[in-house]
Amino acid sequence: MSRESATRIALIYPELLGTYGDGGNAIVLAQRLRWRGLRAEIVEVPAGEVVPADCDIYLLGGGEDEPQVLAADGMRRNRSLTRAVSGGAAVLAVCAGYQVIGASFPAGNGRVHEGVHLVDMETRRSFDPPDVPPPPRAVGDIVVEPDQRLGLPTLYGYENHGGRTRPLPGSRGIPLGTVRLGVGDGTPARTDGIVDGKVIGTYLHGPVLAQNPALADLLLTWVHGRLAPLDAPVEADMLRRARARALAGG
Ligand SMILES: NC(=O)CC[C@H](N)C(=O)O
């Protein structure tokens, strides 16, 4: 990407994948570039339109079971997201978006629906035997300790999902982190999310990039190379500390 051209941030199908406010992730990425004197453009991709293949970062948010089926079908119809990722674009997919970029996920009618196959993950209501009652919906605060290789501080957010997500055998990528509070993927490994190349999937709403600016900067460096550090407003630091204390019960 040339330094002069604007970084293009695609917000995919906000009508279908916009229930939980994750569209804010686009605003955070754009603003963190602009604060550094760099140009950014948010490209909203309405449902039913072809996903452009020439964006730098693609964002998918949370949504309800039926809309996420439509979103998966739309993205599978034209393979531009897959092509963009092969060409070096980054992806942040949250909750329904995380489920959709995997191999398969539960549709609203109890059936299993095919995903976009960007990451080797599968989602079900439960991975327990059929005679075990399905687990309750995961709703509430979530705290994740990121994999050390990512060099990120503790991640904060909230979750609201019925799906449980696990890697396929022999899958690529690493978990985004280990769940300290909340459910995340909801598997015995107590992980949340996936990082595979420049693709991140996670159950964290927030918007996650507003609550965790270091994660925003990780995505931006993937497409931009080194970036000048930004001084966070003091209020942002104070809020993060207050949140950490509250969630630690202290
Ligand atoms: N918050 C969400 O995106 C929900 C995802 C999905 N519909 C579920 O309930 O598991």
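Keep in mind the model is a prediction, meaning the values are calculated, not measured. (Residues numbered from 1 in each chain as written. Predicted model: local features only at pLDDT ≥ 70, side-chain atom pairs only at ≥ 80, totals over all residues. Heavy atoms only, no water.)

(A) Representation of the overall build of the protein chain. A count of helices and strands for the protein chain gives seven helices and 14 strands. Relative to the globule expectation of 18 Å for 250 residues, the C-alpha radius of gyration of the protein chain, 17 Å, shows essentially globular dimensions. When its C-alpha atoms are laid out on the principal axes, the protein chain stretches across 55 × 50 × 30 Å. Looking at the protein chain as a whole, 50% of its 250 residues qualify as buried. Pairs at least 24 residues apart make up 69% of the contacts formed inside the protein chain by residues separated by at least 6 positions. As displayed, the protein chain has an accessible area near 11500 Å², and 54% of this comes from carbon and sulfur atoms. Counting 26 positive and 28 negative side-chain charges, the protein chain places the averaged centre of each group 3 Å from the other. (Helix = DSSP H or I, 4+ residues; strand = E, 2+ residues; numbered from the N terminus. Rg over C-alpha atoms; globule rule 2.2 N^0.38 Å. Buried < 20%, exposed > 50% of the residue type's maximum accessible area, 1.4 Å probe, protein only. Contact = heavy atoms within 4.5 Å. Areas by Shrake-Rupley, 256 points an atom, 1.4 Å probe, with all protein chains shown as cover. Lys, Arg positive; Asp, Glu negative; His and termini not counted. Charge placed at Lys NZ, Arg CZ, Asp CG, Glu CD.)

(B) Geometry of the layout of surface pockets. Of the volumes computed, that of the largest pocket is approximately 530 Å³. Along the walls of the largest pocket sit 25 residues, with Ala-210, Gln-211, Pro-213, Ala-236 and Arg-240 positioned nearest its centre. When contributions to the lining of the largest pocket are tallied by element, the ones reaching two or more residues are helix H1 (24-34), helix H5 (208-211), helix H6 (213-224) and helix H7 (234-247). At seven residues, the largest contribution of residues to the lining of the largest pocket is made by H7. (1 Å grid on protein atoms, 1.4 Å probe; cavity = no way out; pocket = protein on both sides within 12 Å on 5 of 7 lines; lining within 4 Å. Points joined across faces, edges and corners; volume = space filled by probe spheres on them.)

(C) Spotlight on the environment of Ala-228. Tracing the chain through its elements places Ala-228 in the loop between H6 and H7. Judged by its relative accessible area of 46%, Ala-228 falls in the partly exposed class. Between the C-alpha atoms of Ala-228 and Leu-33, which are 195 residues apart in sequence, the distance is 9.8 Å.

(D) A look at the site of the ligand. Asp-65, Gln-68, Cys-95, Asn-160 and Gly-163 are the nearest of the 15 residues found near the ligand. Here Gly-63 contributes a backbone N or O atom positioned 3.0 Å from an oxygen atom of the ligand. At 2.6 Å, a side-chain N or O of Asp-65 approaches a nitrogen atom of the ligand. Coverage of the ligand by the protein amounts to 100% of the 300 Å² it exposes when considered alone. With respect to the detected pockets, the ligand is housed in the largest cavity. At the level of elements, helix H2 (65-77), helix H4 (96-100) and strand S9 (155-161) are the ones that each hand at least two residues to the shell around the ligand. (Near = heavy atom within 4 Å. Polar contact = N/O pair within 3.5 Å; in protein donor to acceptor, adjacent residues only side chain to side chain. Sits in = over half its atoms within 2 Å of the grid points.)

(E) Fine view of the UniProt feature "domain: CobB/CobQ-like glutamine amidotransferase" (unreviewed entry) in the protein chain. UniProt tags residues 8-212 as "domain: CobB/CobQ-like glutamine amidotransferase" (unreviewed entry). Structurally, residues 8-212 comprises 20% helix and 31% strand, and the distance from its first C-alpha atom to its last is 21 Å. (UniProt positions renumbered as here; feature names shortened; annotations may be inferred.)

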